[in-house]
Each structure stands twice: as structure tokens, then as C-alpha cells.
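Observations on chain architecture
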Amino acid sequence: MSFPRTRLRRLRRTASLRRMVRETRVSRDDLVLPLFAVEGRGVREPVPSMPGVYRHSVDQLADEAKRVRDHGLPAVILFGIPDAKDARGSGADDANGIVQRATAAIKAAEPELCVITDVCLCEYTDHGHCGIVEAEQVRNDPSVERLALTAVSQARAGADVVAPSDMMDGRVGAIRTALDSNGFEEVVILSYAAKYASAYYGPFRDAAESTPAFGDRRAYQMDPPNQREALREMRLDLEEGADILMVKPALPYLDVLAEARRAFEVPLAAYHVSGEYAAILAAAERGWLDGERAMDEALVAIKRAGADLILTYAAKDVAARLD
Ligand code: PBG
Ligand code: ZN
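We now turn to the structure provided with this report. (Residues numbered from 1 in each chain as written. Chains lettered and ligands numbered in written order. Predicted model: local features only at pLDDT ≥ 70, side-chain atom pairs only at ≥ 80, totals over all residues. Heavy atoms only, no water.)

**A few points about the pattern of salt bridges**
Cut-off, in case you're wondering: Any Lys or Arg side-chain nitrogen located within 4 Å of an Asp or Glu carboxyl oxygen qualifies as a salt bridge. Here a helix means four or more residues in a row that DSSP labels H or I, a strand means two or more in a row labelled E, and each is numbered from the N terminus. Any residue under 20% of the maximum accessible area for its type is buried, any over 50% is exposed, and the rest in between are partly exposed; the area is computed with a 1.4 Å probe on protein chains only.
If you walk through the whole model with that rule in mind, you get 19 salt bridges. We note a salt bridge from arginine 101 to glutamate 39, for which the minimum N-O separation is 2.8 Å. Here the residue arginine 101 occupies a position in helix H3 (residues 98–109), and glutamate 39 occupies one in the loop between strand S1 (31–38) and strand S2 (44–46), the gap between them amounting to 62 residues. Among the residues examined, arginine 101 registers a relative accessible area of 28% and is labelled partly exposed. By relative accessible area, which is 26% here, glutamate 39 ends up partly exposed. For arginine 171, the salt bridge is made with aspartate 237, and the minimal N-O distance between the two is 3.2 Å. Here arginine 171 is found in helix H5 (residues 171–181), whereas its partner aspartate 237 is found in helix H7 (residues 228–240), with 66 residues between them in sequence. By the burial criterion, arginine 171 is buried, and aspartate 237 matches it.

Following this line, the structure appears as C-alpha cells:
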């Protein structure tokens, strides 16, 4: 049946009708808020390139965790910025490291809140790369060893989920083995499986002080034009024991997300990254677009493409207007 008997505008006429036939919804349950932990006491410093985002000291993170729960969000993902960095990223697997203390503080303040820890070395290395560097090359296997130790120390601190973001080959398997042999069989692995070498990480690197001192990350993060390769990355991570697979960034890679939705049965996450967030806020600041509407549209698109979970710096703002 076609026009004039079929009129698709009929179901768009009123807000109630639109509500009734809406296919996709973003709920608080889908949202994960990234948090940055820094040394010190009483610190709550704004990140200049990310309006509304702060770097908190560990004591402040306990309060922030309460606010996160008050907004009805299920989870946070933690990034640590240590005072001291070295070539091997010693701070990453330090039992008393910044993320380990932040994790313990959040779990003590809000035991029900799911704490996800980012597993990588770039915030802890003096060269800013995600692994161990020799002759200006990031070496895979020695990096994997350090990452596995890092994941175990985060689990020991109380992390519910560990999320490797380094893109070394074989790290998911090594982390699964290390967790299991240390009694952390129940700790979940959320793998940044398809993580691209993207221009959209700029503001995050300001916040995390993790810009590489030389070169770039193209020899380990994925080449943006490749989609089939992303499916290979995800399949391998699944075989190695990943529980949840992530695509990152989100909006420029919705095709990858949609293909992954078709190919895999596991929960999928997407990271609406710092640059995606900053671009919307910057345009909104100039009055060039409606920031709230643009953010909602971005997040529902990510959901529609197939994400179960969305990591977003706007999680609290979005939750606040979901009522
Ligand atoms: C660290 C890491 C990065 C992000 C998450 N984990 C930065 C990078 O790979 O350079 C980016 C997050 C964002 O931009 O919001 N490996
Ligand atoms: Zn890294």
C-alpha cells in the first residue's frame, strides 16, 4: 500500500505518538562516566578543553562517586595521572598507585557503583606511549607483560572491570590468564578491541598528560579506513576471553559498531571520546548549535547503531535530563 493511503507522517503528528513508536532509547543504565584521578587533596580542577569535566584528587572522587550514584548511573571508568613517570610506567601496577587508591576510595564510598579501570601505560610512561619503548619502537610482548601486572593490581584494589586500551596483540589473553591465576576469575574484561588512531583524543591527552613525546600511535592503534580489520580485532579479543567489546571513537565508526552488532552476541560498548564531546561543547559555546540536542542525538545514534554501553563525559548531564 502506498500514498495516499500510507502516510508515514501520521505516526509523527503528536509527541505521544512519537513516543509510542520510538525504536531506540538511551537510558541511564547504558551510560558510563569517565573520571580522572590526580595526586593531592581537595583538588577539583577543570579540564580546559572539556567544559564540565574535572580532574579530582582521590578524596574528591569519593564525593564524585556519590554524585554519580545520585544521577542513577551504574558505572565509572577511571584514568590516573601520577606525579612521577618513568620509561616502564612503574606507576601503572603500583599497589599504592593513583588508580589503585582511587578505586579503593570509590568502592569504599559507593560499593554498588561498578568501577572500570583503564589498563594502559601511556599515563605512566615518561615518553607517553602505551607500551615499552626500545629504539623508538613500542615493543609488543614486554608491554603485554606490564599490562597484565597492571590489570591484576587494579583487580586487587577492587576494580569490577578492567579495560585494556593499549592495542597490543595478545593482551586480552595475557590479562585473562593473569587475573585467573591470581583468584580474580570474576573480574570482567572490557576490551577496547577496535580502537583507531584518531584525531579525536586530543582533549583527553591534555587531561591525562599522555601525548607521546615522539612519533604517534599509528603502529599500534588501528588505521581509520579499515573496517574488516576491526572485526578481526574483535574476534581475536573474544577468543582470548574478552567479555565486552568496545569500538572507539564512536560517531566516526558507527559502521564498525553496526557490523559488530551483526557479527557478535556479546555486549558492545562505544566510547564517545573527548574530541567528540569537546566539538559539540565548543560549537554550543559559540551558539552555533544546541549542545544538549546535539549530544542527545549523538548518543541515540550510537545506541541505534548497536551499542549496549556508551562511555561519555556527558553521562551526568544526560542522566539529569532523562526524567
Ligand atoms: C589511553 C586512552 C586514550 C583514551 C582512552 N584511553 C588516549 C589515547 O589512546 O591516546 C582516549 C579517550 C578520549 O579521548 O576520551 N590509551
Ligand atoms: Zn595508552
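**Considering the side chain of threonine 312**
Note the threshold: The contact criterion used is simple: two residues touch if any of their non-hydrogen atoms lie within 4.5 Å.
Within the fold, threonine 312 resides in strand S12 (residues 309–312). The exposure class of threonine 312 is buried, given its relative accessible area of 0%. Ignoring any residue separated from it by four or fewer positions in sequence, one finds threonine 312 in contact with Leu31, Val32, Leu33, Pro34, His272 and Leu299.

**Description of the site of ligand 1**
Rules: For this purpose, a residue is taken to be near a molecule or strand whenever a single non-hydrogen atom of the residue falls within 4 Å of it. Polar contacts, as used here, are pairs of N or O atoms within 3.5 Å; protein pairs need one atom able to donate a hydrogen and one able to accept it. Residues neighboring in sequence count only if both atoms are side-chain atoms. Methods summary: accessible areas were calculated by the Shrake-Rupley approach with a probe of 1.4 Å, and residue burial reflects only the protein chains presented.
Surrounding ligand 1, one finds 19 residues, the nearest of these being Lys195, Arg205, Lys248, Ser274 and Tyr313. At a separation of 2.9 Å, an oxygen atom of ligand 1 approaches a polar side-chain atom of glutamine 221. For ligand 1, whose accessible area on its own is 400 Å², the fraction buried by protein is 100%. Of all the secondary structure elements, the ones that give two or more residues to the shell around ligand 1 are strand S9 (188–195) and helix H6 (202–208).

**Remarks on the packing of helix H4 (residues 140–157) against H5**
How two helices pack is summed up by the angle between their axes together with the distance between the axes. For clarity, the threshold we go by: Helix axes use the C-alpha atoms of the stretch in contact, all axes being lines fitted to C-alpha atoms, and the angles between their N-to-C directions lie in the range 0 to 180 degrees. Here the angle decides the label: under 35 degrees means roughly parallel, over 145 means roughly antiparallel, 65 to 115 means roughly perpendicular, and every other value means oblique. Note: crossing handedness is left-handed where the near helix turns anticlockwise from the far helix by less than a right angle, and right-handed where it turns clockwise. Note on residue classes: Ala, Val, Leu, Ile, Met, Phe, Trp, Tyr, Cys and Pro are nonpolar, Asp, Glu, Lys and Arg are charged, and everything else, Gly too, is polar.
Running from N to C, H4 and H5 point in directions that differ by 45°, and their axes come no closer than 9 Å. For the element pair H4 / H5, the angle class is oblique. Note that H4 runs across H5; the crossing there is right-handed. Contact with H4, carried on its side by Val144, Leu147, Ala148, Ala151, Val152 and Ala155, involves Arg171, Ala174, Ile175, Ala178 and Leu179 of H5 and no other residues of that element. When grouped by side-chain class, the residues that make up the contact of H4 with H5 number 10 nonpolar, no polar and one charged.

**Re the side chain of histidine 56**
Examined against the element boundaries, histidine 56 turns out to sit in strand S3 (residues 54–57). For histidine 56, a relative accessible area of 2% corresponds to the buried category.

**Some thoughts on a positive patch on the surface**
Test applied: Patch members must show over 30% relative accessible area and no salt bridge, and they are joined within 9 Å when carrying like charges or within 5 Å when they are nonpolar side chains of Val, Leu, Ile, Met, Phe, Trp or Tyr. Here the positive residues are Lys and Arg and the negative ones are Asp and Glu; neither His nor the chain ends is included. By convention, the point assigned to a charge is CZ for Arg, NZ for Lys, CD for Glu and CG for Asp.
Taken together, the side chains of Arg7, Arg9, Arg10 and Arg12 make up a positively charged region of the molecular surface. Within the element layout of this structure, arginine 12 appears in the segment before helix H1 (15–20).

**Concerning the packing of helix H2 (residues 58–70) against H3**
Direction vectors running N to C along H2 and H3 enclose 40°, while the axes themselves pass 9 Å from each other. It follows from the interaxial angle that H2 and H3 lie oblique. Viewed along their axes, H2 and H3 form a crossing whose handedness is right-handed. For the pair formed by H2 and H3, the contact residues are Val58, Leu61, Ala62, Ala65 and Lys66 on the first element and Ile98, Arg101, Ala102, Ala105, Ile106 and Ala109 on the second. Residues that form the contact of H2 with H3 fall into these classes: nine nonpolar, no polar and two charged.

Function-wise, these values are silent; they only describe arrangement.
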